[in-house]
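One letter stands for each residue in the lines below.
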Amino acid sequence: FKGCLFFGLMITPDGPKVIEYNCRFGDPETQVVLPRLETDLIEIIEAVRDERLDSLDIRWKEEACACVVMASGGYPASYPKGLPISGLDNAGQRDDVYAIYHAGTKLQGGRFVTNGGRVLGVTAVAATLPEALDKAYAAVSKIAFENAHYRKDIGK
């Protein structure tokens, strides 16, 4: 096997448990891993392809990264689509937000609307995890759509 193997883990009182594994990057997990990567991702992919990964010096930034997923009300079961999303312009222009990843959105009539269960991944980078979380949640507080849900315990 050559490629990316992703393990979804849950930490339990009895230790870590594997809840899923995939031969792809995990989403939204990758949204907090790749911003910390200093080494060019293409270099890593080519090293894997060429079987020389052991000779590559993979470097990581010291900063912490946090991603808060904004989901549609009802997700993972049924949920409405086509709900207008407000606040993306203001939140997207924030200097302290690394990226707002669109997962379940659609451009309709010149504005973004919901089009999936996991709608947005709001990602921030900072010196510490609490700072990154504060930045991500500050951006989330500026974004709205009907019945938006997000976890309030990310990084705890």
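What you see is a predicted model, and the numbers here were worked out from it, not measured in a lab.

A. Here's a closer look at the overall build of the protein. Along the protein, the regular secondary structure elements total four helices and seven strands. N-terminal to C-terminal, the α/β element order of the protein is β-β-α-α-β-α-β-β-β-β-α. Along the first, second and third principal axes, the C-alpha atoms of the protein reach 50 × 35 × 35 Å. Counting every position in the protein, which comprises 156 residues, the buried fraction comes to 33%. Counting contacts in the protein only where the partners sit at least 6 residues apart, residues at least 24 apart contribute 59% of the total.

B. Seen up close, a nonpolar patch on the surface. Judged by side-chain polarity, Phe1, Leu5, Phe7, Leu9, Val18 and Tyr21 come together as a nonpolar surface patch covering roughly 710 Å² of accessible area. Counting residues per element, the ones that place at least two in the nonpolar patch are strand 1 (6-12) and strand 2 (15-22). Here Leu9 lies in strand 1.

C. Up close: the nonpolar core. Judged by nonpolar contacts, the single largest core of 20 residues is most densely connected at Met70, Ile85, Leu88, Ile100, Leu120, Val122 and Ile143. The element best represented in this core is helix 4 (residues 129-140), accounting for six residues.

D. Representation of the sheet that holds strand 7 (residues 118-126) in the model. The antiparallel open sheet is built from three strands, whose spatial order is 3-7-4. Every interior strand has two partners, whereas the edge strands, strand 3 (64-71) and strand 4 (99-102), have only one. Averaged over all pairs of adjacent strands, the angle between strand axes in this sheet comes to 20°, irrespective of strand direction. Both strand 4 and strand 7 contribute to a ladder of four bridges, which runs antiparallel. By the bridge assignment, Tyr101 is partnered in strand 7 with Gly121.

Criteria and cut-off values
Residues numbered from 1 in each chain as written. Predicted model: local features only at pLDDT ≥ 70, side-chain atom pairs only at ≥ 80, totals over all residues. Heavy atoms only, no water. Helix = DSSP H or I, 4+ residues; strand = E, 2+ residues; numbered from the N terminus. Buried < 20%, exposed > 50% of the residue type's maximum accessible area, 1.4 Å probe, protein only. Contact = heavy atoms within 4.5 Å. Patch = residues over 30% accessible without salt bridge, like charges linked within 9 Å, V, L, I, M, F, W, Y side chains within 5 Å. Areas by Shrake-Rupley, 256 points an atom, 1.4 Å probe, with all protein chains shown as cover. Salt bridge = Lys/Arg side-chain N within 4 Å of Asp/Glu carboxyl O. Core = buried A, V, L, I, M, F, W, Y, C linked by side-chain atoms within 4.5 Å. Pairing = 2+ DSSP bridges. Axes fitted to C-alpha atoms, helices over the stretch in contact; angles between N-to-C directions.

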